[in-house]
Amino acid sequence: MSRHKVPLRDGIAAASAYVGWDRPLQTYFAQVLSAPDEDGEETELVWAGTAFGELPRAVDAIRVLEPYCQIEASLAAQLEIDRMACLATRDGPNQIEAKAFMARLSQIKDRSEPES
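As the structure is a prediction and not an experimental result, all values here were calculated from the model.

Student: I'm lost on the nonpolar core in this one. Help?
Tutor: If you look at soluble globular proteins, the nonpolar side chains tend to sit buried side by side. Residues Val19, Tyr28, Leu65 and Leu79 are the most contacted members of the largest nonpolar core, which totals 20 residues. Elements supplying a minimum of two residues to this core: strand 2 (16-22), strand 3 (27-33), strand 4 (44-48), helix 1 (58-65) and helix 2 (75-85). The element contributing the most residues to this core is helix 1, with 4 residues. With sequence-adjacent residues up to four places away left out, tyrosine 28 is seen in contact with Gly20, Trp21, Ala48, Gly49, Leu55, Pro56, Arg57, Ala58, Ala61, Leu79, Glu80 and Arg83.

And the structure:
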């Protein structure tokens, strides 16, 4: 997994933003976080790329961040390098079980949703 801090645009009411590649989920992700509250907790203002394959291309994650961040031209290339650097990596036992658990949750959700 990679994670890069991305500079925020002036005037954006947020504290930080991140983008990266999540190999187990095979997706890029984008996060914009609020300033910590009185308990020191940050809140996700934006969090995309949490589902398997949700943001398959670096540009997909960058587009999520564009309204909030100053995007450098080299970021897309770096994200693609991050993805390619782990192409030969395989899931370990914990990741295999986590993916199986997520699949079971998805099946339960699918069965519980009413048909339209």
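Student: How should a nonpolar patch on the surface be read in this particular structure?
Tutor: On the surface, Phe101, Met102, Leu105 and Ile108 cluster together into a nonpolar patch covering about 370 Å² of accessible area. Examined against the element boundaries, phenylalanine 101 turns out to sit in helix 3 (residues 93-112). Its relative accessible area of 44% is what places phenylalanine 101 among the partly exposed residues.

Student: Honestly, the environment of alanine 76 in this entry has me stumped. Any pointers?
Tutor: Relative to the assigned elements, alanine 76 resides in helix 2. Alanine 76 gets classed as partly exposed once you look at its relative accessible area, which sits at 31%. Placed 19 residues apart in sequence, alanine 76 and arginine 57 show a C-alpha to C-alpha distance of 8.9 Å. Apart from residues lying up to four places away in sequence, alanine 76 is in contact with Ala58 and Ile62.

Student: Looking at this structure, I do not really get the side chain of threonine 27. What am I missing?
Tutor: As for its placement among the helices and strands, threonine 27 is situated in strand 3. Side-chain polar atoms of threonine 27 contact the backbone nitrogen of leucine 55, separated by 2.7 Å. Those residues within four positions of threonine 27 in sequence are excluded, and the remaining contacts are Gly20, Trp21, Asp22, Gly49, Ala51, Gly53, Glu54 and Leu55.

Reading the values: the criteria
- Residues numbered from 1 in each chain as written.
- Predicted model: local features only at pLDDT ≥ 70, side-chain atom pairs only at ≥ 80, totals over all residues.
- Heavy atoms only, no water.
- Core = buried A, V, L, I, M, F, W, Y, C linked by side-chain atoms within 4.5 Å.
- Buried < 20%, exposed > 50% of the residue type's maximum accessible area, 1.4 Å probe, protein only.
- Helix = DSSP H or I, 4+ residues; strand = E, 2+ residues; numbered from the N terminus.
- Contact = heavy atoms within 4.5 Å.
- Patch = residues over 30% accessible without salt bridge, like charges linked within 9 Å, V, L, I, M, F, W, Y side chains within 5 Å.
- Areas by Shrake-Rupley, 256 points an atom, 1.4 Å probe, with all protein chains shown as cover.
- Salt bridge = Lys/Arg side-chain N within 4 Å of Asp/Glu carboxyl O.
- Polar contact = N/O pair within 3.5 Å; in protein donor to acceptor, adjacent residues only side chain to side chain.

Honestly, that's just the spatial picture; any functional story needs more than this.
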